[in-house]
Amino acid sequence: MAKVFSKGRFCYDVHSFPPVTHSLSIDLHTHSTYSDGVLTPAELVRRAASRGVNLLALTDHDEIGGLAEAALAAIGSDLLLVPGVEISTVWNGQTIHIVGLDIDVHAPALVDGLASIRQSRGERAVRIAAQLEAAGVTDSLPGARRHAGNSAAIGRSHFARFLVELRHVRNTSDAFSRYLGAGRVGYVPPVWPDLARAVDWIHGAGGQAVLAHPDRYRLSPRAMQSLFEAFAQSGGDAVEVSGDGRFKSSAQVRLARQFGFALSSGSDFHAPGQHVADLGDVTEIPAGVPAVWQRLRTAR
Ligand code: AMP
Ligand code: MN
Ligand code: MN
Ligand code: MN
């Protein structure tokens, strides 16, 4: 696949792609206020369009409620919206995120499954708040809720923002390393469905299942291999290459080839800021490996 131009991000020449332009700037992993992003779905779509993105997936954590607003905002723009979601799952005791792309938002198993995860999020939030309380941080549940655009999908990022507001920590990354990360005082082990179930829900909704940001899981090379194996056995379709705009995760690309996965790429955008990838700032996919967007119905 030829790279046709690059303006701080990568665009692909896709002749099999009739839709909008001859070149494609993609971003297949982003968040809005429906989970732990700070832009509303409409603001997200407008920012992506203004940055030249023309294939965008909104992939909120365990939530598809923002997709209708995003789809409305995309009407009349040069941007195609891919309906997506990022599902929290557990494998081997560890949280693994599976992005679903091109999902039918009315598919019953997916809709019910996501609702049950959001219920678990609510219960986990109560436990996080109790543990923080025992460590001397009071009223963190209402505090986190204030930071959540959608309190039905409450998560650790909202607690992190509350801890920053209280000046217990300087930034959200400190909040994770001191309070919310694995083994810290506010940490609750994963309460999510297993990986294979999430893949089934995505397939039942006609979508493609993508293993999100494998480079972010703290796994030995052998454990990473087992994760890829488990994802292949579950019927997974693609693996995300993440990083900062280079072929950063070459080990993962090698594994993806070995298991026959397509590749996907997304910024995992949550908020505008100086040190995080902005919309459309995605890692280039190496030539010779199928790209997941070639398989998306939305993009045909
Ligand atoms: P949750 O799904 O509620 O457990 O929260 C996971 C989210 O927390 C991720 O999607 C990130 O947005 C955020 N997160 C995880 N680790 C960190 C970190 N070290 N620094 C900042 N944000 C993080
Ligand atoms: Mn997040
Ligand atoms: Mn994730
Ligand atoms: Mn994400």
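Because the structure is a prediction, the values reported are computed rather than measured.

Trainee: Please give an account of helix 3 (residues 108-134) that cites residues and values.
Mentor: Compared with an ideal rise of 1.5 Å per residue, which puts 27 residues at 39 Å, helix 3 spans 40 Å between its outermost C-alpha atoms and is within 8% of the ideal. Among all positions of helix 3, only Leu110, Gly113, Leu114, Ile117, Arg118, Ser120, Arg121, Arg124, Ala125, Ile128, Ala129 and Leu132 are buried. Check the buried side of helix 3 and you find it contacts strand 5 (80-91), helix 4 (140-147), helix 5 (156-165), helix 6 (172-180) and helix 7 (195-204). Just downstream of helix 3, Gly136 is the residue with a positive phi angle, here 95°.

Trainee: Can you explain the packing of aromatic side chains? Please cite residues and give values.
Mentor: The relation between two aromatic rings is expressed through the spacing of the ring centres and the mutual angle of the planes. A full pass over the atoms with the stated rule returns four aromatic pairs. Summarising the aromatic geometry, the rings of Phe228 and Phe261 are spaced 6.0 Å apart at their centres and angled 55° between planes, so their arrangement reads as tilted. Here the residue Phe228 occupies a position in helix 8 (residues 221-233), and Phe261 occupies one in the loop between helix 9 (250-259) and strand 9 (262-265), the gap between them amounting to 33 residues. Since its relative accessible area comes to 0%, Phe228 is described here as buried. For Phe261, a relative accessible area of 3% corresponds to the buried category. Here the aromatic rings of Phe259 and Phe261 are separated by 6.0 Å at their centres, their planes lie at 25°, and the arrangement is stacked.

Trainee: For the coordination of the manganese ion (ligand 4), give the residues involved together with the corresponding values.
Mentor: Donor atoms from the polypeptide that bind the manganese ion (ligand 4) are His29 (NE2), His31 (NE2), Glu86 (OE) and Asp268 (OD), placed at 2.1 to 2.2 Å. Between the manganese ion (ligand 4) and the manganese ion (ligand 2) the interatomic distance amounts to 4.7 Å. Overall, His31 belongs to the buried group, its relative accessible area being 0%.

Trainee: Account for the coordination of the manganese ion (ligand 3), naming residues and giving values.
Mentor: Protein ligation of the manganese ion (ligand 3) involves Glu86 (OE), His97 (ND1) and His213 (NE2), the donor distances falling in the range 2.1 to 2.2 Å. In terms of primary sequence, the donors binding the manganese ion (ligand 3) are separated according to E-x10-H-x115-H.

Trainee: How would you explain the pairing of strand 6 (residues 94-101) if you had to name every residue and give the values?
Mentor: Within strand 6, six of the eight residues are buried, which leaves it mostly tucked inside the rest of the structure. Of the strand pairs in this sheet, strand 5 and strand 6 are connected by eight bridges, and their pairing is antiparallel. Pairing of Glu86 across the sheet is with Val99, part of strand 6. Two successive antiparallel strands, strand 5 and strand 6, enclose a turn made up of two residues, where Asn92 displays a positive phi of approximately 55°. Relative to strand 7 (residues 208-211), strand 6 runs antiparallel, the two being bridged by four bridges. What sits directly across from Ile98, in strand 7, is Leu211.

Trainee: Describe the pairing of strand 8 (residues 238-241), naming the residues involved and giving the relevant values.
Mentor: Both faces of the sheet carry side chains from a regular strand, because those side chains alternate between them. Here strand 8 shows no split at all, with Ala238 and Glu240 on one side and Val239 and Val241 on the other all buried. Pairing between strand 7 and strand 8: two bridges, direction parallel. Following the sheet pairing, Leu211 is matched in strand 8 by Val239. Tracing the backbone out of strand 7, into helix 8 and back to the parallel element strand 8 gives a crossover that is right-handed. Two strands pair when backbone bridges link them, and strand 8 and strand 9 are joined in this way by four bridges, in the parallel orientation. Its bridge partner being in strand 9, Ala238 is matched across the sheet by Ala262.

Trainee: Tell me what's going on with the confidence of the model for the chain, and back it up with residues and numbers.
Mentor: Taken as a whole, the chain shows an average pLDDT of 90; of its residues, 90% reach a score of 70 or greater. Confidence drops under a pLDDT of 50 for residues 13-22, and excluding neighbours within four residues, the segment shows 16 contacts in the predicted structure.

Trainee: Before we move on, could you go through the site of ligand 1 and cite the residues and values that matter?
Mentor: Surrounding ligand 1, one finds Asp36, His61, Arg121, Arg124, Gly155, Arg156, Ser157, Ser173, Phe176 and His270. One of the side-chain nitrogen or oxygen atoms of His61 is found 2.9 Å away from an oxygen atom of ligand 1. Contact distances for ligand 1 include 2.8 Å between an oxygen atom and a side-chain N or O atom of Arg121. For ligand 1, the accessible surface in isolation is 510 Å², of which the surrounding protein chains cover 72%. Of all the elements in the fold, those that place two or more residues in the shell around ligand 1 are helix 3, helix 5 and helix 6. When grouped by side-chain class, the residues that make up the shell around ligand 1 number one nonpolar, five polar and four charged.

About the criteria used
- Residues numbered from 1 in each chain as written.
- Chains lettered and ligands numbered in written order.
- Predicted model: local features only at pLDDT ≥ 70, side-chain atom pairs only at ≥ 80, totals over all residues.
- Heavy atoms only, no water.
- Helix = DSSP H or I, 4+ residues; strand = E, 2+ residues; numbered from the N terminus.
- Expected span 1.5 Å × (residues − 1).
- Buried < 20%, exposed > 50% of the residue type's maximum accessible area, 1.4 Å probe, protein only.
- Contact = heavy atoms within 4.5 Å.
- Phe/Tyr/Trp six-rings, centres within 6.5 Å; stacked < 30°, edge-to-face > 60°.
- Donors = N, O, S within 2.8 Å, 3.2 Å for Na, K, Ca; no water.
- Pairing = 2+ DSSP bridges.
- Right-handed = clockwise from strand over helix to strand, strands pointing away.
- pLDDT = per-residue confidence, 0-100.
- Near = heavy atom within 4 Å.
- Polar contact = N/O pair within 3.5 Å; in protein donor to acceptor, adjacent residues only side chain to side chain.
- Areas by Shrake-Rupley, 256 points an atom, 1.4 Å probe, with all protein chains shown as cover.
- Nonpolar A, V, L, I, M, F, W, Y, C, P; charged D, E, K, R; others polar.

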